[in-house]
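A closer look at the structure
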Amino acid sequence: MTTTTPLCGNDRPAPQKDRGSRQFLEALAREHGTPLFIIDHAKIRENYREFKKYLPKIQVYFAVKANSNPAIVKTLFDEGSSFDVASMPEFMIVYEFIRDMPAKERQDFIWDRIIYANTIKPIETLEELNQYKPLVTFDNIEELKKIRLHAPQAGLVLRLRVPNTGSMVELSSKFGADPGEAVDLIKAAFELGLVVEGLSFHVGSQCTNFENYVGALEISANIIEECENRLGQKIRILDIGGGFPVRYNPDVRPLVDLADKLNSEIARLFPSDMQILAEPGRFLVANACTLVAKVVGKAHRDGKPCYYINDGVYHTYSGQVFDHCTYPVLSLTKEGPARISAVFGPTCDAFDTITLSAELPELEIGDLVYSENIGAYSIASSTYFNGFPPAKVVHINR
């Protein structure tokens, strides 16, 4: 996976929560223990409503992979969100909330509000999916052949390969059909008796280069026009993927700036009956979660204080590895002059290094630290390495 310079945060001094908020976190930690992963559902609702405010004509499909906690899915379900899933377990998390609907209403929800946005699916998954008649993505002829044999009732969306320049996490090396072969793939799908409903693309996760979206929209518009001219087939679904950036630091432009560009380009390039989908994941959950951990060890190494805490890169801080995101470690219970310090996780692996340059006051064993904006691609990839379990999850403002 190719990356650019991490944009999530850094170890320079960060604005700390006000004392009241810090006291609330401390109280939660004292009540529930640490490490503690706190999910603020009011913030999730706020983020969803902000997205809908600035992009009112775009249907939100929450990318469940960002944080698959069922309570988050339920909050967004209640808000009216649709869902982007990439595995049968993710599909079933959403399905639990529609299981008791009348059959037709349930099927309409699956068709209209769930997209299985993993272009490569095992045969077993396709066979299980077929009964639900979902919308699924593909990007190559071999996948089309599998779908024809094992999930012929699925509707199809062709994922395109588009530029990911400047995005924190690049995706186009693994996913997406070359635009030059797109219409031929759509033609092949119809010849196999399948129905291509739409196109999709992804500009890369945490995309701060808004021109990626402009270029991808133009590529999509050209393919839709060519498809209609060459094949006589109208494409009326466009999934513009995710990548909507979180303001981890002040250098990241706000959503409203991107929304202005997207709204004008969509109006310029597409007919009014085009259904536009988006798959925000990070944008909806990143700043809604906070981790509180405890100092369990202390040493002095290489001329600096070293603190060992009970969460690390094999757990909630796994986002530093897989998401290429850094989360400043801040003191929750102590104040004082800051010193450059190292912070390590609890496992018997030197790779379990959170940072070598945190700015922290003098801490003691038992003191608490915290990291904000840690809700996306963090606890979702937490492990049980060395026998240490993932952080306990606590929900507030449900």
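Everything numeric here is computed off the predicted structure, so don't read it as measured data. (Residues numbered from 1 in each chain as written. Predicted model: local features only at pLDDT ≥ 70, side-chain atom pairs only at ≥ 80, totals over all residues. Heavy atoms only, no water.)

In spatial order, the strands read β2-β3-β4-β5-β6-β8-β10-β11; together these eight strands close into a barrel with parallel pairing. Between one strand axis and the next, the sheet turns through 30 degrees on average, direction left out of account. Note: strand β8 (residues 196–200) against strand β10 (residues 237–239), three bridges, orientation parallel. Counterpart to G198 in the pairing with β10 is I237. (Pairing = 2+ DSSP bridges. Helix = DSSP H or I, 4+ residues; strand = E, 2+ residues; numbered from the N terminus. Axes fitted to C-alpha atoms, helices over the stretch in contact; angles between N-to-C directions.)

Within the secondary structure layout, D311 lies in the loop between β13 (304–309) and α12 (319–322). It is K294 that comes nearest to the buried, bridge-free D311 among opposite-charge side chains, at 13 Å. Reaching out from D311, the side chain makes a polar contact with the side chain of T316 at a distance of 2.8 Å. If near-sequence neighbours (up to four positions away) are discounted, D311 is found in contact with P35, L291, A293, T316, Y317, F344, G345, P346, I354 and A391. (Buried < 20%, exposed > 50% of the residue type's maximum accessible area, 1.4 Å probe, protein only. Lys, Arg positive; Asp, Glu negative; His and termini not counted. Salt bridge = Lys/Arg side-chain N within 4 Å of Asp/Glu carboxyl O. Polar contact = N/O pair within 3.5 Å; in protein donor to acceptor, adjacent residues only side chain to side chain. Contact = heavy atoms within 4.5 Å.)

Counting buried positions along helix α4 (residues 88–95) yields six of eight residues, so the element is predominantly enclosed. Those residues of α4 lying buried are M88, E90, F91, I93, V94 and Y95. Those residues of α4 that are buried are in contact with α3 (70–79), β3 (82–85), α5 (103–113), β4 (114–116) and α6 (123–130). Residue S87 occupies the N-cap position of α4, its side-chain oxygen lying 3.2 Å from the main-chain nitrogen of E90.

This part covers the packing of helix α2 (residues 41–54) against helix α10 (residues 255–269). As a packed pair, α2 and α10 sit with axes 9 Å apart at the nearest point and diverge in direction by 35 degrees. Crossing geometry of α2 relative to α10 is assigned as right-handed. Counting all contacts with α2, which are made through E50, F51 and Y54, the residues of α10 involved are L255, V256, A259 and N263. Of the residues assigned to the contact of α2 with α10, the class counts are five nonpolar, one polar and one charged. (Left-handed = near helix turned anticlockwise from the far one by under 90°. Nonpolar A, V, L, I, M, F, W, Y, C, P; charged D, E, K, R; others polar.)

The subject of this paragraph is the pattern of salt bridges. Counted by the stated rule, this structure contains 22 salt bridges. With its nearest N and O atoms 2.9 Å apart, the salt bridge here joins R230 to D184. Note that R230 is positioned in helix α9 (residues 211–231) and D184 in helix α8 (residues 182–191), a separation of 46 residues in sequence. Given the relative accessible area of 44%, D184 is considered partly exposed. Taken together, the shared-partner salt bridges in this structure form one network comprising K121, E143 and K146.

The terminal C-alpha atoms of α10 lie 21 Å apart, and with 15 residues this matches the ideal 21 Å at 1.5 Å per residue to within 8%. If you check which residues of α10 are buried, you get L255, L258, A259, L262, E265 and I266. Projection of α10 onto a plane perpendicular to its axis shows the buried side chains occupying an angular sector of 145 degrees, all on one side. In α10, the exposed residues that point more than 90 degrees away from the buried face are D260, A267 and R268. As for α10, its buried residues are in contact with α2, β2 (58–63), α9, β11 (275–278) and α11 (282–285). (Expected span 1.5 Å × (residues − 1). Arc of directions from axis to C-beta.)

A few words on the pairing of strand β17 (residues 368–371). Going residue by residue along β17, you find L368 and Y370 tucked away on one face and V369 and S371 tucked away on the opposite face as well. Two strands pair when backbone bridges link them, and strand β14 (residues 330–331) and β17 are joined in this way by two bridges, in the antiparallel orientation. Across the sheet, residue L330 finds its bridge partner in β17, namely Y370.

Turning our attention to the nonpolar core. Nonpolar side chains in soluble globular proteins tend to end up buried together. I240 and F244 are the most contacted members of the largest nonpolar core, which totals 104 residues. Ranked by residue count, the leading element in this core is α9, at seven residues. Membership of the second largest hydrophobic core comes to twelve residues, among which are L25, L36, L368 and V394. (Core = buried A, V, L, I, M, F, W, Y, C linked by side-chain atoms within 4.5 Å.)

This part covers the packing of aromatic side chains. Going through the model one piece at a time under the given rule, you end up with twelve aromatic pairs. By the ring-pair criterion, three or more aromatic residues cluster together here, those being F51, Y213, F244 and F283. (Phe/Tyr/Trp six-rings, centres within 6.5 Å; stacked < 30°, edge-to-face > 60°.)

Turning our eyes to something else, we now look at the confidence of the model for the protein chain. With 93% of its residues at a pLDDT of 70 or more, the protein chain shows a mean pLDDT of 92. Of the regions scoring below 50 in pLDDT, residues 1–7 engages in 19 contacts with residues more than four places distant in sequence or in other chains. Counted against residues more than four places away or in other chains, residues 9–15, with its pLDDT under 50, gives 17 contacts. (pLDDT = per-residue confidence, 0-100.)

The next thing to look at is the side chain of R22. Note that R22 resides in helix α1 (residues 19–32). Judged by relative accessible area, which is 6%, R22 ranks as buried. At a separation of 3.5 Å, a polar atom in the side chain of R22 contacts the main-chain carbonyl oxygen of L332. A distance of 3.4 Å separates polar atoms of two side chains, one belonging to R22 and the other to E335.

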